[in-house]
Amino acid sequence: MNCAGSHKVEQRYEFKAEQEPNEVVLVIYCVMLGTLDQGEVCEETVEGNRPLIEEDLELEVSHIPSSVDHWKRKVTIAWGGALFILTALTYSCRNCMPISAVAMAREFDWDKSETGLVLSSFYWGYVTTQILSGFLSDRYGGDQVITLAAIAWGPLTIAFPFCAYAFGEKSSQLTFLVINRVIFGMVTGFHYPTLSSISVAKVEKENRSFFYTAIGAGTTAGNVISGSLGSYLLNRFSWHVSFYVFGAIATFWAIAMRIVLMKKRCLHPCTKVTSTRAEVPTTRKTWAILLKHRGFWALIVQYTCYSYSWYLTLSWLPTFFEETFPGAKGWVFNVLPWTFVVFVDGASGYIADRLMGSGLSTTTTRKILQTIASLSNVTALIFVGRTQCYLTALLLMTYALTINAVGSAGASANPQDLVPTQAGTVYGVMNAFGSIPGFVGVYVSGFILEYFESWSAVFTVTSAITFVGWSVFMIFGTGKQLL
């Protein structure tokens, strides 16, 4: 019997059941992973030629350990590169709105609250799909989920300018833009929980932190690309051109990934599985344990507080520099603060893998990296809100974002430690909580700016929240595998 019609299966799955193991088990597994051609028909039957059904085997995808299908080196490099580019395009499309916010506010006569409403509406949708995306990725394969989602959010990016000009009346216009951003947030919400699921399911443990953070560096690459090319398109043409360009490229890339890479999902022979159903906990048991464990809630608090700082910077950074330093060039302050983050993102994962490989515990490794990231970020943000020097503000913001990237291998990678078999779902829950500051924090910041006109107050509040999250993680956080 062939897996994807190309590789002979030499190992059988072992499981606890009344009947002897059957080769058909492998067929069902390959079908669920998408590695068996849809046109192939399973000819095996059981008990008097009755067609085999799932109940005969009592087998679910979630009961199969992720270690059965790790990518080979060449496949890992191919998918890693493709996912890095897709992640960069994700943030390029997300950043079109923050970069264009000032120009749009000027053209459509928006105040700070209205601008904050459009900026924050993305996260209303983003938070709703985090858990679902992790669950679907763990169950059906992250490669399927992440590419299908990208095919959806690319066209939504292109459609955004049309929504802006569809109505002449402001309230209708804002409503239409908010609807677009909410739906856009929902489909892009599938991206990061899926990356976490893929990292655990497809990459060997000793290289997992590096793989995850290297792909995550695409986030910063997207910020750099959108900050440079997006600023150029904004100044050279108009604000809506960047939506067309990045949306079209993202759509093309997602389709290309499905055409080229999805046909190679079974490039290596399936390996033997010796784990049994009893060895992998059910979803209900997993969450019964997690919800009672303080390490899980420490992760939630830390990531939520960290996200407050991240989303504030992501959404309001262009506005801060344009209003505080009117003569500053957009291509400078939209690019320089993110430039070095790309390298630190990947390096942090490599450092984490090496530290743990040298014998340092996972808990200690995560806390060391998170401490460097959080405390440096707190200090820099306090000062950046008080300086009146453009160069000082630019360097402080560059330092804050660069050193904060060390946390990519800190608490952000913690879901892979706690429950490896359901890392995507755990990340989805974590990111759902982390998305709340996206619409609450961004809107609150707009409110503070509208009524108090103080960037110092905005950054001080952000620093305090970041410090609280770090403190909780230091006291209660853990890197031990709970299940």
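Throughout, a residue's number is its position along its own chain's written sequence, starting from 1. Since the coordinates come from a predicted model, pLDDT governs what is reported: local features require at least 70, and pairs of side-chain atoms require 80 or more to be given and counted, while whole-chain, interface and lining totals use all residues. Heavy atoms from the whole structure form the basis of all side-chain values; hydrogens and water molecules are not counted.

**Focus: the overall build of the chain**
Each helix and strand counted, the chain has 20 helices and 4 strands in total. The contact criterion used throughout is that any non-hydrogen atoms of two residues lie within 4.5 Å. At a minimum sequence separation of 6, the contacts of the chain that also span at least 24 residues come to 84%. Reported accessibility uses the Shrake-Rupley method at a 1.4 Å probe radius. Residues are deemed covered only where the shown protein chains occlude them. Surface exposure of the chain reaches about 20,200 Å², of which carbon and sulfur atoms provide 63%. Each helix corresponds to a stretch of at least 4 residues labelled H or I by DSSP, and each strand to a stretch of at least 2 residues labelled E; elements are numbered beginning at the N terminus.

**A closer look at the environment of tyrosine 91**
Tracing the backbone through its elements, the reader meets tyrosine 91 in helix H3 (residues 73-108). Sequence separation of tyrosine 91 and isoleucine 225 is 134 residues, and the distance between their C-alpha atoms is 9.1 Å. For tyrosine 91, the contacting residues outside a window of four places in its chain are Tyr192, Thr219, Gly222, Asn223, Ser226, Trp310, Tyr311 and Leu314.

**Concerning the pattern of salt bridges**
When a carboxyl oxygen of Asp or Glu is within 4 Å of a side-chain nitrogen of Lys or Arg, the pair counts as a salt bridge. Per the stated rule, a full pass over the model turns up 3 salt bridges. The shortest N-O distance in the salt bridge between arginine 366 and aspartate 417 comes to 2.8 Å. With arginine 366 in helix H16 (residues 362-384) and aspartate 417 in helix H18 (residues 415-418), this pair connects stretches of sequence that are 51 residues apart. Three labels apply to residues, based on accessible area from a 1.4 Å probe with only protein chains included: buried if under 20% of the type maximum, exposed if over 50%, partly exposed otherwise in between. Residue classification places arginine 366 among the buried positions, given a relative accessible area of 2%.

**What about the confidence of the model for the chain?**
pLDDT gives the predictor's per-residue confidence on a scale running from 0 to 100. Chain-level statistics for the chain give a pLDDT mean of 80 and a share of 81% at 70 or above. Across residues 266-280 the pLDDT falls below 50, and counting only partners more than four positions away or on other chains, this stretch makes 38 contacts in the model.

**Some points on helix H9 (residues 208-236)**
A helix is expected to span 1.5 Å for every residue after the first. Look at H9: 42 Å from first C-alpha to last across 29 residues, which is about the 42 Å you get at 1.5 Å a residue. Counting buried positions along H9 gives 21 out of 29 residues, so the element sits mostly inside the fold.

**A look at the nonpolar core**
To define a nonpolar core, start from buried Ala, Val, Leu, Ile, Met, Phe, Trp, Tyr and Cys residues and group those joined through side-chain atoms within 4.5 Å. Counting 99 residues, the largest nonpolar core has Leu83, Met97, Met104, Trp110, Trp153, Trp239 and Phe321 as its most contacted members. In terms of residue count, the dominant contributor to this core is H3 (16 residues). In this view, tryptophan 110 contacts Met97, Met104, Ala105, Thr115, Val118, Lys170, Gln173, Leu174 and Leu177; residues no more than four positions away in its chain are not counted. Listed in part, the 5 residues of the second largest apolar core include Ala352, Leu369, Ala373 and Val406.

**As for unusual backbone geometry**
The backbone of aspartate 109 shows a phi angle near 60 degrees, a positive value even though the residue is not glycine. Positionally, aspartate 109 belongs in the loop between H3 and helix H4 (112-126). In this model, glutamate 453 sits at a positive phi of 50 degrees, which is unusual for a non-glycine residue. The residue glutamate 453 is located in the loop between helix H19 (423-451) and helix H20 (455-476) in this model.

**Topic: a nonpolar patch on the surface**
Think of a patch as exposed residues, more than 30% relative accessible area, with no salt bridge, where like charges cluster within 9 Å and nonpolar side chains (Val, Leu, Ile, Met, Phe, Trp, Tyr) cluster within 5 Å. Taken together, the side chains of Leu291, Trp297, Phe433, Ile436, Val440 and Val444 define a hydrophobic patch exposed on the protein surface, amounting to about 460 Å² of accessible area. Examining the composition of the nonpolar patch, we find that 4 residues originate from one element, H19, more than from any other. Here valine 444 shows up in helix H19.

**Focus: the side chain of threonine 363**
Positionally, threonine 363 belongs in helix H16. Contacts of threonine 363, omitting those with residues within four sequence positions, involve Gly477, Thr478, Gly479 and Lys480.

**Examining the packing of helix H12 (residues 294-324) against helix H17 (residues 390-404)**
Here the axes come from fitting lines to C-alpha atoms, over the contacting stretch only for helices, and the angles between their N-to-C directions go from 0 to 180 degrees. The interhelical angle for the contact between H12 and H17, taken along N-to-C directions, is 150 degrees, at an axis separation of 12 Å. As far as their axial angle goes, H17 and H12 are roughly antiparallel. In this structure, H12 meets H17 at a crossing whose hand is left-handed. Residues Tyr306, Thr313, Leu317 and Phe321 of H12 lie in contact with H17, whose contacting residues are Tyr390, Ala393, Leu394, Met397, Leu401 and Asn404. When its residues are assigned to classes, the contact of H12 with H17 shows 8 nonpolar, 2 polar and no charged. With respect to orientation, any angle under 35 degrees is reported as roughly parallel, any angle over 145 as roughly antiparallel, any angle of 65 to 115 as roughly perpendicular, and every other angle as oblique. Helix crossings are classified by the rotation of the near helix relative to the far one: an anticlockwise turn of less than a right angle makes the crossing left-handed, while a clockwise turn makes it right-handed. Three classes are used, and their members are as follows: Ala, Val, Leu, Ile, Met, Phe, Trp, Tyr, Cys and Pro are nonpolar, Asp, Glu, Lys and Arg are charged, and the others, Gly among them, are polar.

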